[in-house]
There are 2 protein chains.
Amino acid sequence: MSKIRIGIVGYGNLGRGVQFAIKQNPDMELIAVFTRRDPSTVQVNDDSVGVFLMDNVKDFKDKIDVMILCGGSATDLPEQTPQLAQDFHTVDSFDTHALIPQFFEKVDKSAKASDKVGIISVGWDPGLFSLNRLLGEVVLPEGNTYTFWGDGLSQGHSDAIRRIEGVKNAVQYTLPVKEAVDRVRKGEQPRLSTREKHTRECFVVLHADANQEQVEQQIVTMPNYFSDYNTTVQFISEEEFISNHSGMPHGGFVIRSGVSGAKEQQLMEFSLKLDSNPNFTSSVLVAYARAAYGLGKAGQSGAKTVYDIPLGLLSPKSAEQLRAELL
Amino acid sequence: MSKIRIGIVGYGNLGRGVQFAIKQNPDMELIAVFTRRDPSTVQVNDDSVGVFLMDNVKDFKDKIDVMILCGGSATDLPEQTPQLAQDFHTVDSFDTHALIPQFFEKVDKSAKASDKVGIISVGWDPGLFSLNRLLGEVVLPEGNTYTFWGDGLSQGHSDAIRRIEGVKNAVQYTLPVKEAVDRVRKGEQPRLSTREKHTRECFVVLHADANQEQVEQQIVTMPNYFSDYNTTVQFISEEEFISNHSGMPHGGFVIRSGVSGAKEQQLMEFSLKLDSNPNFTSSVLVAYARAAYGLGKAGQSGAKTVYDIPLGLLSPKSAEQLRAELL
């Protein structure tokens, strides 16, 4: 059987994670990495994988089946996904929840015109957590869903801080508020504001000439990212940053607390404990690349989310195998 | 919008649970209950719902969209699902894992001939747990999946005991072995035999003339159900049974422990804590009835499992709503 041919667009933490994950999936092969940097400066540690400028991506129209986009949601993906969907199946991790509907429309238009499949907003949230939020409310319509994140470092939020002028490096940790979690697990179904569920802690290294007060204001007031949370910002030295904030752990849980027909308490919970957030997200992206390829072979096109995709398509196993081995 | 018209086949714990669950879903209505008993003896506590003999089911060919089958896997479903799929979309909770492939084939043949959709093996295991077993292995291909059940009463296993001659009533509790769970959650990825993961406890009330020793032997040697477990059987009085064993709690968890590309430990866990196992299973069946209807409207036919169904079809919300509100 021929392998699914993958391209990686953007070679940061996520891109490197995708490269790792492809090696764990024998039905896939990595063909090339695309970058906006000078390709000669990008080391992929694999002689069989070429590194090319984004400008040359169309040369690979017949050599790559699925492009996995590893850029950020703030500026990279809104431009790249609709563009690349003109020539390839795509998978991305667009995670600005509030802007998903308009992003979907743009990708859908582009992918439908080219008969390609563009799976958007893949990862663990949005992604696996989204699946569990849906399962919770369809199985227990009378109830409440709670998504908690952390303890952990949020890539998207750290990235957003690093884009602020004057910031040299930054990490952001999300911490669930313990009392809130305990009340939910007990089945109390409390009403919790965004602010009551999590706190956000930011550790920031500034450039020498940066305005500390301005940076802090820009962080805590940033819409979609920080403005709805109690956010603390600590400015630290580069040395402290490197020694204490180089890991990328994360996790969290989606809890549905509800009652079934005769008012019995029922609790569903999905949780993740991740030593590496980006490498886990990458692993999810790669599984959905298989689904993009499968949907394409089945004649589908347009933008898709995790809600549109039968989970069986994520597996290299046949439907018969899945029924016999896993159901 | 017209409602999805549901029929219930078999009115035991599961059937009553489906009736409850339909009331929680405003896009559905219960049309009729079908039984092999004398319909006049079946009280459904709802004047708008008729009770009919199974023999009359074909009269409802144009009045019911989806039949939810609430019989047992041992003898009811293997006969009923293929038969009813000739006239209706069906959803069932067939849960004899080892026999799923052949059951699928029979339902598929029948449902394809009639252009109906038959979703088999729905509930929490098989069902929601199956989805999580798949997600675990596709996202973390290097790892191990562990399914633990309990503490809780297993309907299917209790049912199997009750079918043994001489048994008046019975319950079976499944208990995860705590040491095994702890090792898995620590990321040790131990090899555990079926026997090392769970114990099964049975509480049985006998008829006056029953042979206690024979009943015990039939239980502990029953293939697919008990023969692979350390099973204890206690014979108790009817009074004790009623006062101590009338609840139907259950639960369990699916854990995937694996490593991503650079050998980071990653843990995925899905867990359920259920005060009523049958009413939870019923709620899952009802959500999948919506998907059966949706797949039928989309022109699909044949047998399906949870692996074949986009989760978005479980929801009464449109794809646009799901993207905006839930993703």
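Residues numbered from 1 in each chain as written. Chains lettered and ligands numbered in written order. Predicted model: local features only at pLDDT ≥ 70, side-chain atom pairs only at ≥ 80, totals over all residues. Heavy atoms only, no water.

This part takes up the confidence of the model for chain A. Taken residue by residue, chain A gives an average pLDDT of 96. The fraction at 70 or more is 100%. Both confidence scores are given for the complex: pTM 0.91, ipTM 0.90. (pLDDT = per-residue confidence, 0-100.)

For the rest of this paragraph, the subject is the interface of chain A and chain B. Across the boundary between the two partners, chain A contributes 62 residues, which contact 62 residues of chain B. Summed over both partners, the interface of chain A with chain B buries about 5,700 Å², with 63% contributed by carbon and sulfur atoms. When the buried area of chain A at its contact with chain B is split by residue, Q24, R323 and L327 of chain A rank highest and sum to 15% of it. The interface formed by chain A and chain B holds two salt bridges in total. Of the charged contacts, one joins K317 of chain A and E137 of chain B as a salt bridge, the two residues approaching to 3.0 Å between their closest N and O atoms. (Contact = heavy atoms within 4.5 Å. Buried area = accessible area lost by both parts, 1.4 Å probe. Salt bridge = Lys/Arg side-chain N within 4 Å of Asp/Glu carboxyl O.)

So, on to the nonpolar core. With 146 residues, the main nonpolar core has L128, F280 and Y288 of chain A together with F280 and Y288 of chain B as its most contacted residues. When neighbours within four sequence positions are excluded, L128 of chain A is seen to be in contact with G123, F270, F280 and V284 of chain A together with L135, V139 and M268 of chain B. (Core = buried A, V, L, I, M, F, W, Y, C linked by side-chain atoms within 4.5 Å. Buried < 20%, exposed > 50% of the residue type's maximum accessible area, 1.4 Å probe, protein only.)

Residue and element names in this part refer to chain B. With mixed pairing, the four strands of this open sheet are ordered in space as 8-9-10-11. Two strands bound the open sheet, and with one partner strand each, they are strand 8 (152–153) and strand 11 (230–235). Bridge count between strand 9 (residues 167–176) and strand 10 (residues 198–206): nine bridges; the pairing is antiparallel. Looking across to strand 10, one finds that V167 is bridged to L206. Seen against the sheet, helix 8 (residues 212–220) touches strand 9, strand 10 and strand 11 and runs at an angle of roughly 150 degrees to strand 11. (Pairing = 2+ DSSP bridges. Helix = DSSP H or I, 4+ residues; strand = E, 2+ residues; numbered from the N terminus. Axes fitted to C-alpha atoms, helices over the stretch in contact; angles between N-to-C directions.)

What follows concerns the relation of the copies chain A and chain B. When chain A is fitted to chain B, the best match, at an RMSD of 0.0 Å, comes from turning it 180 degrees and sliding it 0.0 Å along the axis. Read as a symmetry element, the transformation amounts to a two-fold axis. Interface residue correspondence from chain A to chain B reaches 100%, placing this contact among same-surface, isologous pairings. (Least-squares fit on C-alpha atoms with pLDDT ≥ 70 in both.)

What follows is about the packing of aromatic side chains. Residue and element names in this part refer to chain A. Going through the model one piece at a time under the given rule, you end up with 16 aromatic pairs over all chains. Plain terms: the ring middles of F34 and F52 are 6.1 Å apart, the flat faces sit at 35 degrees to each other, and that makes the pair tilted. With a gap of 18 residues between them, F34 in strand 2 (residues 28–35) and F52 in strand 3 (residues 50–53) connect regions that are remote in the sequence. Among the residues examined, F34 registers a relative accessible area of 0% and is labelled buried. (Phe/Tyr/Trp six-rings, centres within 6.5 Å; stacked < 30°, edge-to-face > 60°.)

Taken together, the buried positions of helix 2 (residues 76–84) of chain A are occupied by D76, L77, Q80, T81, P82 and L84 of chain A. Against the buried residues of helix 2 of chain A lie strand 1 (4–9), strand 4 (66–69), strand 5 (89–91) and helix 3 (100–114) of chain A.

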